Amino acid sequence: MIDFTLVDRIDALLPQTQCTKCGYEGCRPYAQAIAAGEAAIDRCPPSGDEGIAALAALLSAPVLPLDTTRGAHGPLLTAVIDETHCIGCTLCIQACPVDAIVGANKRMHTVLADLCTGCDLCVAPCPVDCIAMIPADRNWTPEDARRSRQRHQARAARLAASNPTLMADAPAPVDAADAGAADAPHDAQRKRNAVESALARARARRTGGK
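From a predicted model like this one, the values you see are computed outputs, not experimental measurements. (Residues numbered from 1 in each chain as written. Predicted model: local features only at pLDDT ≥ 70, side-chain atom pairs only at ≥ 80, totals over all residues. Heavy atoms only, no water.)

(A) Region of interest: the nonpolar core. Membership of the largest hydrophobic core comes to 18 residues, with the highest contact counts inside it found for Ile81, Ile101 and Ile131. Within the residue set of this core, elements represented by two or more residues are β1 (77-81) and β2 (101-102). Among residues more than four places away in sequence, those in contact with Ile131 are Ala79, Val80, Ile81, Cys92, Cys122, Val123 and Cys126. Of all hydrophobic cores here, the second largest spans 17 residues; its members include Tyr30, Ala33, Ile52 and Leu66. (Core = buried A, V, L, I, M, F, W, Y, C linked by side-chain atoms within 4.5 Å. Buried < 20%, exposed > 50% of the residue type's maximum accessible area, 1.4 Å probe, protein only. Helix = DSSP H or I, 4+ residues; strand = E, 2+ residues; numbered from the N terminus. Contact = heavy atoms within 4.5 Å.)

(B) Looking closely at the side chain of Thr17. One can find Thr17 in the loop between α1 (4-13) and α2 (27-35). Of the residues examined, Thr17 reaches a relative accessible area of 5% and is grouped as buried. Ignoring anything within four residues of it in the chain, the contact list for Thr17 reads Cys27, Pro46, Pro97, Thr117, Cys119, Trp140 and Ser148.

(C) Structural detail: helix α5 (residues 142-162). Spanning 21 residues, α5 covers 31 Å between terminal C-alpha atoms, matching the ideal 30 Å at 1.5 Å per step. Within α5, the full set of buried residues consists of Asp144, Ala145, Arg147, Ser148, Arg149, Gln150, Arg151, His152, Gln153, Arg155, Ala156 and Ala160. (Expected span 1.5 Å × (residues − 1).)

(D) Quick look at the pattern of salt bridges. Throughout the structure, instances matching the rule amount to 9 salt bridges. Here Arg158 ties to Asp99 by a salt bridge, and the two come within 2.8 Å at their closest N and O atoms. Taken together, the residues Arg158 in helix α5 and Asp99 in the loop between α4 (91-95) and β2 connect sequence positions 59 residues apart. Classification of Arg158 by relative accessible area gives partly exposed; the value is 44%. Across the pair Arg146 and Glu143 runs a salt bridge whose closest N-O atoms are separated by 2.7 Å. (Salt bridge = Lys/Arg side-chain N within 4 Å of Asp/Glu carboxyl O.)

(E) Fine view of empty space enclosed by the protein. Counted under the stated rule, the structure contains 5 cavities of 30 Å³ or more. When its volume is computed, the largest cavity comes out at roughly 70 Å³. The wall of the largest cavity is formed by 13 residues, among which Ala79, Cys96, Cys116, Cys119 and Cys122 lie closest to the centre. One number sums up the size of the second largest cavity: a volume of about 60 Å³. (1 Å grid on protein atoms, 1.4 Å probe; cavity = no way out; pocket = protein on both sides within 12 Å on 5 of 7 lines; lining within 4 Å. Points joined across faces, edges and corners; volume = space filled by probe spheres on them.)

(F) Focus on unusual backbone geometry. The residue Gln18 is not glycine, and still its phi comes out positive at about 60°. Among the structural elements, Gln18 can be located in the loop between α1 and α2. Residue Gln18 is classed as buried on the basis of its relative accessible area, which comes to 2%.

(G) A look at helix α3 (residues 48-59). Under the 1.5 Å per step criterion, the end-to-end length of α3 is 17 Å for 12 residues, consistent within 8% with the ideal 16 Å. After α3 finishes, the residue Ser60 shows a positive phi value of roughly 55°.

(H) Fine view of the packing of aromatic side chains. Within the structure shown, the criterion is met by 1 aromatic pair. Taking 5.9 Å as the distance between ring centres and 25° as the angle between the ring planes, the aromatic pair formed by Tyr24 and Tyr30 counts as stacked. When its relative accessible area of 21% is taken as the criterion, Tyr24 is described as partly exposed. A residue is classified by how much of its surface remains accessible, and Tyr30, at 1% relative accessible area, is buried. (Phe/Tyr/Trp six-rings, centres within 6.5 Å; stacked < 30°, edge-to-face > 60°.)

(I) Quick peek at the side chain of Asp99. Among the residues examined, Asp99 registers a relative accessible area of 15% and is labelled buried. Side chain to side chain, Asp99 and Arg158 meet in a polar contact 2.8 Å long. (Polar contact = N/O pair within 3.5 Å; in protein donor to acceptor, adjacent residues only side chain to side chain.)

(J) Inspection of the packing of α1 against α2 at higher detail. Running from amino to carboxyl end, α1 crosses α2 at an angle of 125°, the nearest separation of the two axes being 8 Å. When the interaxial angle is binned, α1 and α2 end up oblique. The crossing of α1 and α2 is right-handed. Along the contact surface, α1 presents Phe4, Leu6, Val7, Asp8, Ile10 and Asp11, while α2 presents Cys27, Arg28, Ala31, Gln32, Ile34 and Ala35. (Axes fitted to C-alpha atoms, helices over the stretch in contact; angles between N-to-C directions. Parallel < 35°, antiparallel > 145°, perpendicular 65-115°, else oblique. Left-handed = near helix turned anticlockwise from the far one by under 90°.)

Structure, rendered in structure tokens:
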């Protein structure tokens, strides 16, 4: 039987980038695998050596070197879409684990940089290779991790609601009241601003910047 208190403590030490480089569908499933003794603590490139050391201390386990077959630890990256080549296929939107990409079918898409986790899951699905990962020029913070966890949970719940067969796999929300009360209005306004900005740039290009 899985000790979900331990899962919570492990999950709290993971970066919540939801990148799946560990081989699991997000940080929470990886935490569950660690708690169950099914996965080693060395499979999270975003955490790097510091994260591995924290997990080792929690679990009273030996510190391991990062498993670099999962990827290398490095500075935070953010996705950027070349809007001149975006065809509006929505595949990147579907791939983003934290709903950090906004746009509509056959309309250009935009990445909300302050929500992007740098997971790069949006890059491979793009059929026109118009997404690049660039340095974010900032550090990933505990507040970033908190918001990312909430957004990932909200996305999973939304997808599960639209597909009842997924309900059993949807993660239970943590701090859901805080997320709904504090983040939703701000995120909605940010999305509207990003979309309006992208459309304004498109109109400017079409009119030669006039």
